[in-house]
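Inside the fold
The lines below spell out each chain.
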Amino acid sequence: MVYPLARSALFLLPPEKAHALTLGAVRLRGKVIPPQPPAGGPINVMGLSFSNRIGLAAGFDKNAVAVDGWFSLGFGHVEVGTVTPRPQAGNPRPRIYRLTGDEAIINRMGFPNDGAERAAARLRSRHSSGVVGVNIGKNATTLLERAIDDYLFCLRTVFPVADYVTVNVSSPNTAGLRSLQDPEQLVPLLSGVVAEAHELQRRHGRRVPVVLKISPDLTTAELREVAGAAASIPVAGIIATNTTITRDGLESRRRVPETGGLSGRPLFAKSSAAVRVLRERLGPDMPIIGVGGVSSAADARALRQAGADLVQAYTALVYRGPRLVHELADALRD
Ligand SMILES: Cc1cc2nc3c(=O)[nH]c(=O)nc-3n(C[C@H](O)[C@H](O)[C@H](O)COP(=O)(O)O)c2cc1C
């Protein structure tokens, strides 16, 4: 079907219903259509081989139900999650809002998910061989002081089936989570996770890079500090960025609804600025995955120029449809 038509129908539904329908359709697609032939690859980042530079950002497929389908759409990697140790319901609905004129979304999902074990079981039975990252977080009810226990539990659970693991300390929808970006908390957290990953590597005979996902709401000084802390561990890469709690760059006349994280086009200025600061601070070797408001081939190229090795997208898929995947992948062919 032509996407504008499908979009008109989907936009008649509440966003979360439309999301569930889309996920179901992608899942079905994965059962009948094989992974698209690689475009633009192979590309080596973090010791992993990617068929192209474009990935699905975390949150679209939290429970890893449609991984084969995403690869059939042409993604070079898929990041599932955020998963937490125990299943949880997330925040009360409604919790996703479309800002159509801005091609943006505000969400305050709060990590609804089936738990790390269910996601791992699904990943064990996937058919495609593309790169899958698993994004991990903490349960809402876990005290911040015990957050590391949740990250370690998730790491151990998904380690055998993940190609990389993302430590998510940047979602605005879990109380206090972003305070884990303070170097005083970040360094012990990341050190613990990376040390455990080394231990698991010995036990399982496979290497799983650990990457850090950060917020776009850090100041330039904070960004530099976080980058320095991450490089001192070291982590294998940094994903910049998650959603923003600011409402900068919105053109929508109507009152901006609700609290939550803003994604989509208005985020691009912040995410690309963050990538640029990180690249300057970290030098050429640290892998950076750029994400936030990438909606066109030009955006993808700009983020790459700012210093991103790989680029992810979520919100633009809602507005532009699945063709965007090939458009972005083609734009970043070497
Ligand atoms: C509805 C929704 C749910 C999301 N859930 C997660 C999540 O669970 N974990 C995470 O790290 N990022 C999550 N994100 C953030 C995206 O991965 C991405 O960082 C952000 O949306 C910016 O990219 P975009 O502008 O291309 O959407 C979510 C985004 C949206 C719109």
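Quick note: structure is the one above.
Parameters at a glance
Residues numbered from 1 in each chain as written. Predicted model: local features only at pLDDT ≥ 70, side-chain atom pairs only at ≥ 80, totals over all residues. Heavy atoms only, no water. Pairing = 2+ DSSP bridges. Helix = DSSP H or I, 4+ residues; strand = E, 2+ residues; numbered from the N terminus. Axes fitted to C-alpha atoms, helices over the stretch in contact; angles between N-to-C directions. Contact = heavy atoms within 4.5 Å. Expected span 1.5 Å × (residues − 1). Phe/Tyr/Trp six-rings, centres within 6.5 Å; stacked < 30°, edge-to-face > 60°. Lys NZ or Arg CZ within 6 Å of the ring centre and 35° of its normal. Polar contact = N/O pair within 3.5 Å; in protein donor to acceptor, adjacent residues only side chain to side chain. Near = heavy atom within 4 Å. Areas by Shrake-Rupley, 256 points an atom, 1.4 Å probe, with all protein chains shown as cover. Nonpolar A, V, L, I, M, F, W, Y, C, P; charged D, E, K, R; others polar. Parallel < 35°, antiparallel > 145°, perpendicular 65-115°, else oblique. Buried < 20%, exposed > 50% of the residue type's maximum accessible area, 1.4 Å probe, protein only.

This brings us to the sheet that holds strand β10 (residues 237-240). Pairing within the closed barrel is parallel, and its 8 strands lie in the order β3-β4-β7-β8-β9-β10-β12-β13. On average, each strand axis in the sheet is tilted by 25 degrees relative to the strand beside it, whichever way the strands run. Contacts from helix α6 (residues 183-204) reach β8 (164-168) and β9 (210-214) within the one sheet, and its direction differs from that of β9 by about 150 degrees. Against the sheet, helix α8 (residues 268-282) contacts β9, β10 and β12 (288-291), and its axis sits at roughly 165 degrees relative to β12.

Over its 22 residues, α6 extends 30 Å from the first C-alpha to the last, a length consistent with the 32 Å expected when each residue adds 1.5 Å. Turning to α6, the residues buried within the fold contact α5 (147-158), β8, β9 and α7 (220-232). Two residues or fewer after α6 comes Gly205, characterised by a positive phi angle close to 65 degrees.

Once that is clear, we can look at the packing of aromatic side chains. Here the distance between the centres and the angle between the planes together describe a pair of aromatic rings. Tallied over the entire structure, the rule returns 4 aromatic pairs. Summarising the aromatic geometry, the rings of Phe11 and Tyr319 are spaced 5.6 Å apart at their centres and angled 90 degrees between planes, so their arrangement reads as edge-to-face. Taken together, the residues Phe11 in the loop between α1 (3-10) and α2 (15-32) and Tyr319 in helix α10 (residues 315-320) connect sequence positions 308 residues apart. In this structure an aromatic cluster arises from ring pairing among Phe60, Trp70, Phe75 and Tyr314. Above the ring of Phe11, the side-chain terminus of Arg98 is found at 4.4 Å from the ring centroid.

Further remarks concern the side chain of Thr142. Mapped onto the secondary structure, Thr142 falls in the loop between β7 (131-136) and α5. Here Asp150 takes part through its side chain, which lies 2.7 Å from a polar atom of the side chain of Thr142. Discounting chain neighbours no more than four positions away, the residues touching Thr142 are Arg86, Ala147 and Asp150.

What follows deals with the site of the ligand. The ligand sits among 24 residues. The nearest are Ala58, Thr82, Gly264, Gly293 and Thr315. At a separation of 2.7 Å, a nitrogen atom of the ligand approaches a polar side-chain atom of Thr82. Measuring from an oxygen atom of the ligand, one finds a side-chain N or O atom of Asn242 at 3.5 Å. In isolation the ligand has 600 Å² of accessible area, and contact with the protein removes 98% of it. Every element with two or more residues in the shell around the ligand is listed here: β4 (77-83), β6 (104-107) and β11 (261-264). Here the residues of the shell around the ligand are counted per class, giving 8 nonpolar, 14 polar and 2 charged.

Another aspect to go through is the sheet that holds β11. Pairing between the strands of a sheet comes from backbone hydrogen bonds, and it takes one of two forms, parallel or antiparallel. Strand order in the open sheet made by the 3 strands is β5-β6-β11, with antiparallel pairing throughout. Of all strands in the sheet, those with a lone pairing partner are β5 (96-99) and β11, marking the two edges. When the angles between neighbouring strand axes are averaged without regard to direction, this sheet yields 25 degrees. Of the strand pairs in this sheet, β5 and β6 are connected by 4 bridges, and their pairing is antiparallel. Within the sheet, the bridge partner assigned to Tyr97 lies in β6 and is Ile106.

Before going further, it helps to spend a moment on the packing of α8 against helix α9 (residues 297-306). Axis separation between α8 and α9 bottoms out at 8 Å; the angle between their running directions is 25 degrees. One way to sum up the angle between α8 and α9 is to call them roughly parallel. In contact with Phe268, Ser271, Ser272, Val275, Arg276 and Arg279 of α8, α9 contributes Asp299, Ala302, Leu303 and Ala306. Grouping the amino acids of the contact of α8 with α9 by side-chain chemistry returns 5 nonpolar, 2 polar and 3 charged.

Looking now at unusual backbone geometry. Here the residue pair Gly81 and Thr82 is connected by a cis peptide bond, since its omega of 10 degrees sits within 30 degrees of zero. As for its placement among the helices and strands, Thr82 is situated in strand β4. Note that the residue after Ala240, namely Thr241, is joined by a cis bond; omega there is 15 degrees. Structurally, Thr241 can be placed in the loop between β10 and β11. The backbone of Ala64 sits at a positive phi, close to 60 degrees, despite the residue not being glycine. Its identity as a non-glycine residue notwithstanding, Glu103 has a phi of 50 degrees, on the positive side. When its relative accessible area of 17% is taken as the criterion, Glu103 is described as buried.

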